[in-house]
Amino acid sequence: MGERPGGRDLKRKILDASFLIGPHAHIALERLAAEALTRREFATALKYADRRIRVSPPPAAHCFVLRAEAAWGLGLPEAALSDLARARLVDPFDVGANRRMLAWAADERRLAAAAQLICREGSPAILRAAIAELRRAGGGHWAACSVFDNHVTGWIAWTNALFVEVSLATEDGTLTSILEPNPFHALASADVQATTFLVRRPPSTTAQIVTLRCGEDVVQVRRVAPNLTSTMNLRAARDPSVGIGPNVDLPTVIVPVYADARATIECFESLDKARRPQGTGKDAFQVLAIDDASPEVELQRHMSELATAGKIRLLVNPVNLGFVGAINRALNEIQRGDVVLLNSDTLVPPGFVGRLADVAYSAPNIGTVTPLSNNGDIFSFPTPNDVNPMPRYDEIVAIDRVASAANAGKAIDVASGIGFCVFITRACLDSVGELSDNFERGYLEDVDLCLRARAKGFRNVCAPSVYVGHHGSKSFQEEKRGLVLRNLGILDQRFPNYREECRAFEIADPLRPARAALERALPWLAEPSVLVLAGERTFPAVTDARIRHLRLHGERTVLLLREDNVLRLRATDGGLPQAMRLRLDTEANLGSARDILARLSPSRVEILEPNPLPRLIELIRCLHLPIDRWLISESVGEIASLPSGTTPLLVPSKAAKAYAQNRWPDRKIVLHDWPICSLTLPPISANDRSLAIVPSTPTPASLRIIQTLADRLWRREPSLPIVIAGTTCGDDRLMSRPNIFITGAVAADELSDVLTPHNPGWILTDFEQPVFGHPLVETARQAIRPVAYCDWSGGALKPRKGDLAISAIVNAAGLADLVVDWVTRP
């Protein structure tokens, strides 16, 4: 007889198990997925690729490509294309994702993939397919080039053009070559001409511009970094420790302009309003705009009109130099005074430059100052590292006015500023020089400048007293992720500790008090809200599920997350508050907390915390708020202390109701079923069945039960594997066992897709402690599969046919024996 497929897979798992633990486990998972794809074992490949995506470190684009390959091989095209889309979201430039998207998609996604492949693909066959796709969309010329220290080389293909040329603009002039078609080129065909080119680069300490043209059309413009190291800065360096007063020269606001006429025009209108502080007849700053070869006629005309009216100075680039090239040209035009680098998709409030300058000169060694914004990464308000909605101009002015009072005089140290709006003192600029040419357009060159400034002794600070609106990503949109990834690699080489410093900053969040002060001073939404009280460690999945339910019913919710004696407030719709902390340790703090909670216009309080602080309950009652007390876990605290006949106890499921009635027979119990995700699984295959375990939360008790069960099942039926849908507190320890596979973190709506390739014949869930309303547990209990679970109701609920209801008093060994008998029953 031949060996069962499950036996072969099990033997391989025994050999592979040792590679799936430790700091390099993610690499082993990728390798195993790739090897399984080579063997065309798509279900096995899907298991490994899926786990890789769910564990640390965060998955790169190729991880999603591996899972897409497996899904495609299993006949799941929508899942495959979804993973390719996620891969392109991680890295739009990823060649593997774009190759497959071009081959598999049948919509506009093919066109986007083809455009990305043109500059990065090496296979002539795939390039011909990409060109054909772009031709169908109306394209007529395509090109790619690679830059080296001594030359630039590449290819260009075209359909109809009178001439084709490549030029290299240097500080000494422009070198131009006319290109002849090569009929033997790999991309040439009956109606497509193509050729390669090579242009020698003379030594230069300044950036050079490569331009490819087909007839009158510019195919590509590339700004390339100098191939000689410059020994010059913009100005002679100054010692930042020497006290320097504000420069007598006006600061210059530098705005590079390229596209999005509407947002850019609004930006310059706000600059015009901010130019002259109220009550003065003098300009507070000057504006220097750089038209970076904008393709929008309306924008060109508007910039020209502003310059003619004397409202701005205007530089016009004949070809697009990109953000770095435009800024550096402007910096070389400005001989004196401080500067502000400003994106053209911002809206600025009155007096912003003067207040940034005040912060800059509040200490002698401050080099850069960045304001708060709706969209500014760590500087974002109210939610940091998020894109908050762009306010209207009048709302920006109102927020800024409040910020100027709430955070007056504050300067908070940060690792680096961000170029959507960054004030740079002349001393700092003279010391660090211009922006680096080594970065791809538009991202992280501002961070590099700030880090270089810090290396020279300057401080980078945030001015939380200034607020600037920022649309964000108007210029590059979907390309942003790929550009950031490329530039982040360059930044890592120069400043290898920067990313770790950013993570530490996010955890410490030194800007939180300033955001909280601004929140406290701003008006809050008057719409009634439901206050949801939960504990920091009390089943966050249950809390998140309840908040989603309330949102589906149109109720605004504010989460009160308890951290010991502190309540952290967070409006779940992204509004205010986000950074508030309430202390309940003194009468004064209790009074302040009462006032803040009253500002939220609460309609009621829902308590999910099993044992809320008595003083908090008293505070809620002082506000005369209705209390909905939910049972989501075993509790002997506040629930047990409530006298009979008081506020009813709400439960989210029939199992919770049975448990509550069994434990508190005199209490009024009210059932409100929470929505449950469906768990759709294909018919069970006779071979290679597995036992699926869906834990509610990673705890030591859960780990002990799983270990005991795995040991006993291995002795009884070693060919029957266990798959754990989720995480445990000992993943490495369990993954080293030959009969256990752990998927990694899973959401309830993903459970079907995650379990399907494992062919679960049985499911074990809800076995650690009573947990009610947990989306994973509730979803697993509804599966069209035999389900084992602890019967917390004491026999009050009759199990479905085939299910295993385990007594709640059974210990880990007894539970394991019952489950093993259940799954090995003939």
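Residues numbered from 1 in each chain as written. Predicted model: local features only at pLDDT ≥ 70, side-chain atom pairs only at ≥ 80, totals over all residues. Heavy atoms only, no water.

Even after reading the chapter, I still don't get the packing of aromatic side chains, so can you show me in this structure?
How two aromatic rings sit relative to each other is given by the distance of their centres and the angle of their planes. Scanning all chains against the criterion turns up 7 aromatic pairs. The interplanar angle of 85° and the centroid separation of 6.5 Å between the aromatic rings of Phe 381 and Tyr 467 together place this pair among those described as edge-to-face. With Phe 381 in the loop between β13 (366-373) and α13 (393-406) and Tyr 467 in strand β16 (residues 459-470), this residue pair connects regions lying 86 residues apart in the sequence. An aromatic cluster of at least three residues, connected via ring pairs, comprises Tyr 659, Trp 664 and Phe 772. If you follow Arg 599 out to its NZ or CZ, it ends over the ring of Trp 524, 4.0 Å from the centre. (Phe/Tyr/Trp six-rings, centres within 6.5 Å; stacked < 30°, edge-to-face > 60°. Helix = DSSP H or I, 4+ residues; strand = E, 2+ residues; numbered from the N terminus. Lys NZ or Arg CZ within 6 Å of the ring centre and 35° of its normal.)

Hey, could you run me through the state of the cysteines in this one?
Disulfides are covalent bonds that connect the sulfur atoms of two cysteines. Enumeration according to the criterion identifies 0 disulfides in this entry. Here Cys 729 is not cross-linked by a disulfide; its sulfur's nearest cysteine counterpart is in Cys 790, at 17 Å. Residue Cys 729 is classed as partly exposed on the basis of its relative accessible area, which comes to 41%. (Disulfide = S-S within 2.5 Å. Buried < 20%, exposed > 50% of the residue type's maximum accessible area, 1.4 Å probe, protein only.)

In this structure, what is going on with the side chain of Asp 94? I would like to understand it.
For Asp 94, the position within the fold is in the loop between α5 (77-90) and α6 (95-104). Although Asp 94 lies buried, it forms no salt bridge, and the closest oppositely charged side chain, Arg 100, sits 6.3 Å away as judged by the N-O distance. Within polar-contact distance, the side chain of Asp 94 engages the backbone nitrogen of Gly 96 at 3.3 Å. At a separation of 2.8 Å, a polar atom in the side chain of Asp 94 contacts the main-chain amide nitrogen of Ala 97. (Lys, Arg positive; Asp, Glu negative; His and termini not counted. Salt bridge = Lys/Arg side-chain N within 4 Å of Asp/Glu carboxyl O. Polar contact = N/O pair within 3.5 Å; in protein donor to acceptor, adjacent residues only side chain to side chain.)

Looking at this structure, how should I read the pattern of salt bridges?
Pairing is possible between side chains of opposite charge, provided their charged atoms come close. With the rule as written, the count across this model stands at 44 salt bridges. Arg 604 is the salt-bridge partner of Asp 628, the closest N and O atoms lying 3.1 Å from each other. Of the two residues, Asp 628 is situated in strand β22 (residues 627-630) and Arg 604 in strand β21 (residues 602-607); the sequence distance between them amounts to 24 residues. With a relative accessible area of 16%, Arg 604 lands in the buried category. Each of the salt bridges in this network shares a partner with another, and the network as a whole consists of Asp 50, Arg 54, Arg 67, Asp 83 and Glu 750.

For this particular structure, what's the right way to read unusual backbone geometry?
Excluding glycine, residues mostly have negative phi values, and the peptide bonds linking residues are mostly trans. Put simply, Ser 56 and Pro 57 share a cis peptide bond, and its omega is -5°. By the secondary structure assignment, Pro 57 is in the loop between α3 (42-54) and α4 (61-73). Across the junction of Leu 576 and Pro 577, the peptide omega takes the value 0°, indicating a cis bond. One can find Pro 577 in the loop between β19 (566-571) and β20 (581-583). Even without being a glycine, Asn 385 presents a positive backbone phi close to 55°. Here Asn 385 is to be found in the loop between β13 and α13.

Help me out: how do you make sense of the environment of Pro 382 in this one?
Following the sequence through the fold, Pro 382 ends up in the loop between β13 and α13. Pro 382 sits in the buried class, given a relative accessible area of 11%. Pro 382 sits 193 residues away from Gly 575 along the chain, and the two C-alpha atoms are 7.1 Å apart. Among residues more than four places away in sequence, those in contact with Pro 382 are Asn 388, Arg 515, Glu 519, Gly 574, Gly 575, Leu 576 and Gln 578. (Contact = heavy atoms within 4.5 Å.)

Would you explain helix α7 (residues 109-118) in this entry?
Since the α-helix packs 3.6 residues into each turn, any two residues three or four apart lie on the same face. Every buried residue belonging to α7 is among Arg 110, Ala 113, Ala 114, Gln 116, Leu 117 and Ile 118, and all of these are buried. Check the buried side of α7 and you find it contacts α5, α6, α8 (124-136), β1 (141-147) and β2 (151-158).

Hey, could you run me through the packing of α4 against α5 in this one?
How two helices pack is summed up by the angle between their axes together with the distance between the axes. Relative to each other, α4 and α5 sit at 170°, their axes nearing to 8 Å. If you check the angle between α4 and α5, you find them roughly antiparallel. Note on element contacts: α5 touches α4 through Pro 77, Ala 79, Ala 80, Asp 83, Leu 84, Arg 86, Ala 87 and Val 90, opposite Ala 61, Phe 64, Val 65, Arg 67, Ala 68, Ala 71 and Trp 72. Of the residues belonging to the contact of α4 with α5, the class tally is 12 nonpolar, no polar and 3 charged. (Axes fitted to C-alpha atoms, helices over the stretch in contact; angles between N-to-C directions. Parallel < 35°, antiparallel > 145°, perpendicular 65-115°, else oblique. Nonpolar A, V, L, I, M, F, W, Y, C, P; charged D, E, K, R; others polar.)

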